[in-house]
Amino acid sequence: MVYDLIIAGSGPAGLTAAIYAKRAGLSFVVLEKESMSGGQVLNTYEVDNYPGLPGIGGFELGMKMREHADRLGVSFINIEVRHLDIEEEGRIKAIYTDGEVYRARSVIFAMGAKHRLLGIPGEKELTGMGVSYCATCDGAFYKDKTVAVIGGGDTAAGDAAFLSAMCKKVYLIHRRDRLRASKSYEKKLDKPNIEIVFDTVTDEILEKDGKVGGLRLRNVKTDEVCEIEVNGVFVAVGNVPATDFVRDILDLDENGYFMAGESTKTNVPGVFAAGDCRKKTLRQIVTAAADGAVAAHGVEEYLS
């Protein structure tokens, strides 16, 4: 079977594209490697900037988007995309997965991005043993304990605020002299059990009895080194796009993001990129959803 469209990924961009594609009467399928749709939004404790739904939980918002697609009868297959091939002089796009090949006249890549690693000693060894990349997933394990959040953007600030409600002490460690998080987080971080440590990087995650026991920190201005005791570490230093499998076919920037403009069109006709995997100035739920709508419209125009 050759579909009109294959959508790879079912975060806000992929789900929005699916809703628009279904309403347009296209034949398509959504391929999603994770067990649940929603993408990174599922790991967000509270969403304050999605229009019309202030304060909604990220998990709830992700589920509402999936429910919308389900009500329209969108088909989902739980499988990971491994490779893209262009067949019949560009008319057919072949998506290779584990043991299956799906073919369509067009493709929307909306795989989002994966967590960026610190790349320091102790991180890999202690992942799952005190090192986490999802505060809303694992925060409950650290009730009345001391934790550190590494990062300075909205995700890091949100994680620190969320953890402060259950943890005895929360360190927010950032390499610069000011946070990159939006101003709306300032009041949320103004709590007696949150300590912001500026101008500081983490050189090593320390082990104690097989679990995280502390951090070795270094001030980037003075080179002063110190150690602090923590029970858990939450890494929130951004994401990297999951695009390596198309590097030899589609144009990517130096960081691996699709070189697709506001039209979401890539360098290959009929192939579109939407959401956090696309090079853009602002990566938010609302911009991912907008990308999905634009990409689906672009597919309609391409097929016609």
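Computed from a prediction, not measured in an experiment: that's the story for all the values here. Along each chain, the written sequence defines residue order, and numbers are assigned to residues from 1. Under the rules for a predicted model, residues below a pLDDT of 70 receive no local features and side-chain atom pairs below 80 are neither given nor counted, while totals for whole chains, interfaces and linings still include all residues. Calculation of side-chain values draws on the structure's entire complement of heavy atoms; hydrogens and water are dropped beforehand.

Draft legend 1. Molecular detail of the environment of G9. Assignment of secondary structure puts G9 in the loop between strand 1 (2-8) and helix 1 (12-23). Its relative accessible area of 5% is what places G9 among the buried residues. When the C-alpha positions of G9 and E60 are compared, they lie 18 Å apart, and in sequence the two are 51 residues distant. Discounting chain neighbours no more than four positions away, the residues touching G9 are G14, V30, L31, E32, A110 and M111. Helix and strand assignments come from DSSP, with helices taken as H or I runs of at least 4 residues and strands as E runs of at least 2, each series counted from the N terminus. Exposure classes here rest on a 1.4 Å probe applied to the protein chains alone. A residue is buried below 20% of its type maximum, exposed above 50%, and partly exposed in between. Here, two residues are considered to be in contact whenever any of their heavy atoms come within 4.5 Å of each other.

Draft legend 2. Spatial organisation of the layout of surface pockets. Think of a 1 Å grid over the protein atoms and nothing else: a 1.4 Å probe that fits but is trapped marks a cavity, an open set flanked by protein within 12 Å on at least five of seven lines marks a pocket, and residues with an atom within 4 Å of a point count as lining. Grid points are joined across faces, edges and corners, and a volume is the space filled by probe spheres set on the points. Taken as a whole, the second largest pocket encloses approximately 430 Å³ of empty space. Around the second largest pocket, the lining comprises 17 residues; the ones closest to its centre are Y142, K211, V212, V230 and N231. At the level of elements, strand 8 (131-132) and strand 13 (211-219) are the ones that each hand at least two residues to the lining of the second largest pocket. Here the lining of the second largest pocket gets 3 residues from one element, more than from any other, and that element is strand 13. Its residues placed into classes, the lining of the second largest pocket shows 6 nonpolar, 6 polar and 5 charged. Charged means Asp, Glu, Lys or Arg here, nonpolar means Ala, Val, Leu, Ile, Met, Phe, Trp, Tyr, Cys or Pro, and polar covers whatever is left, Gly included.

Draft legend 3. Highlighting the sheet that holds strand 15 (residues 232-235). For two strands to be treated as a pair, DSSP must find at least two bridges joining them. Reading across the sheet, the 5 strands line up as 8-15-9-10-11 and stay open at both edges, with parallel pairing between neighbours. Two strands close off the open sheet at either side, each with one partner strand: strand 8 and strand 11 (194-197). Across 4 bridges, strand 10 (residues 169-173) lies against strand 11 in parallel orientation. If you follow L172 over to strand 11, its bridge partner there is I196.

Draft legend 4. Just the pattern of salt bridges, in detail. When a carboxyl oxygen of Asp or Glu is within 4 Å of a side-chain nitrogen of Lys or Arg, the pair counts as a salt bridge. Throughout the structure, instances matching the rule amount to 17 salt bridges. Among the salt bridges present, the one from E80 reaches R82, with a minimum N-O distance of 3.4 Å. Classification of E80 as partly exposed rests on a relative accessible area of 27%. Between K280 and D291 there is a salt bridge, with its nearest N and O atoms 2.7 Å apart. Of the two residues, K280 sits in the loop between strand 17 (271-273) and helix 7 (285-303) while D291 sits in helix 7, which places them 11 residues apart along the sequence. With relative accessibility at 14%, the residue K280 sits in the buried group. Residue class for D291 comes out buried when judged on its relative accessible area of 4%. One connected set of salt bridges, linked through shared partners, spans E262, R278, K280 and D291.

Distances and angles like these do not, on their own, reveal function.
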